[in-house]
Amino acid sequence: MTERTPLLNYRLSASVNESESRSPLANQAPEKLPGSPRHRSSPQRQPKKLSVFFGVVVPTMLSMFSVVVFLRIGFVVGQAGLYQGIAMFLVAYFIISMTVLSVCAISTNGALDAGGAYYMISRALGPEFGGSIGLMFFLANVCGSALFVLGLVEAILGTFGIPEDPTLAPTAHQILPSGYWWSLLYGTVIALLCLLVCLVGAHIYAKATFIIFLVVIVVLIMIFISFFVVLPKPIPLPSSSFFNGTGPGFPTTANYTGFKLETLLGNLYGGYSVDYTTGNMMTFATVFAVMFNGCTGIMAGSNIS
């Protein structure tokens, strides 16, 4: 057995051969253990392509400040309230803390090669369990990439896209065509750009993520500044496709109040209602499922490190 042998395979082999190793023949010298200093191989370490900051800190922070935080945090507080929203984040970070402890336990239990979380799982549980879990992990990465791309398209069209509701007049900076097929085209172009960055190599990936990181920091700063600069005003809402005209309809305008004690007190407790875009009744589980997508940044850092 070596340091790179799966732990489960090592335990099973050690338990099977335990009786044989207890009674060695008298005329034979005890066999040297593979982990002894004389027999331990010294594999050549691969050169580091990325530093800790560009390879771990920046990707993890970018995944933490994901598109869900920017586009769906208002949805979470509006449906669940501030108290239940904080409880959701506590539950999410408890799950993340358990994941971090598991990653630390596996990564410090032997030598690790390239492969990220899949290599750690396959080494700890063997190739059979690692392969099945790795397949689900691959599909999760694909769905996560699609989520981030569609979130970027939604943010771009929400700012620069022509409103699909004919009752809303476009502003001067809303010039991009909008619609289902236009969104599909924008998302395809962005996905191809991401593929091109990944094909070029790790260095261009580090530069691209650092530029995106700077943009995210600037956006966060501008959000805090807007709290004090933007005055209270009414905001027109697009008409919902689930309103058929027979029952109580959705409001057509919303009020932005800024910092106001009355608004804070009104958002403390949950008020689950029918979702504006899907027409489904929201619950704690459905809102938590939307919010938890923005709390999976630890896997990005573990995959690269």
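Attention in this report is confined to the structure presented alongside it.

About the thresholds
Residues numbered from 1 in each chain as written. Predicted model: local features only at pLDDT ≥ 70, side-chain atom pairs only at ≥ 80, totals over all residues. Heavy atoms only, no water. Salt bridge = Lys/Arg side-chain N within 4 Å of Asp/Glu carboxyl O. Buried < 20%, exposed > 50% of the residue type's maximum accessible area, 1.4 Å probe, protein only. Helix = DSSP H or I, 4+ residues; strand = E, 2+ residues; numbered from the N terminus. Polar contact = N/O pair within 3.5 Å; in protein donor to acceptor, adjacent residues only side chain to side chain. Arc of directions from axis to C-beta. Contact = heavy atoms within 4.5 Å. Phe/Tyr/Trp six-rings, centres within 6.5 Å; stacked < 30°, edge-to-face > 60°.

**Looking at the pattern of salt bridges**
Link 1 in the chain: This structure, assessed with the given rule, holds two salt bridges.
Link 2 in the chain: Measuring nitrogen to oxygen at the nearest pair gives 3.8 Å for the salt bridge that ties Glu262 to Lys260.
Link 3 in the chain: Look at Glu262 and you get exposed, because its relative accessible area is 58%.

**Side note on the environment of Gly266**
Link 1 in the chain: Among the structural elements, Gly266 can be located in helix α9 (residues 261-266).
Link 2 in the chain: Measuring from C-alpha to C-alpha, the distance between Gly266 and Gly81 comes to 8.5 Å, with 185 residues separating the pair along the chain.

**Structural notes on the environment of Ser178**
Link 1 in the chain: Take Ser178: it is sitting in the loop between α6 (127-160) and α7 (180-200).
Link 2 in the chain: Only 2.4 Å separates the side chain of Ser178 from the backbone oxygen of Ile162, close enough to count as a polar contact.

**Some details on helix α10 (residues 284-292)**
Link 1 in the chain: The set of residues buried in α10 consists of Val287, Phe288 and Met291. An end-on view of α10 places all buried positions within 100° of arc, on one side of the element.
Link 2 in the chain: Against α4 (67-107) lie the buried residues of α10.

**With respect to the packing of aromatic side chains**
Link 1 in the chain: Across all of its chains, the model carries nine aromatic pairs by this definition.
Link 2 in the chain: Each ring, one from Phe89 and one from Tyr93, has its centre 6.4 Å from the other, and the planes form 25°; the classification is stacked. Here Tyr93 and Phe89 lie together in helix α4, a separation of four residues that amounts to about one turn.
Link 3 in the chain: Under the relative-accessibility criterion, Phe89 is labelled partly exposed at 24%.
Link 4 in the chain: Owing to a relative accessible area of 40%, Tyr93 belongs among the partly exposed residues under this scheme.
Link 5 in the chain: For the pair Trp182 and Tyr186, a centre-to-centre distance of 6.0 Å together with 35° between the ring planes defines the contact as tilted. One end of the pair is Trp182 and the other is Tyr186, both in helix α7 and four residues apart, which spans about a single turn.

All we've got here are geometric facts, nothing functional implied.
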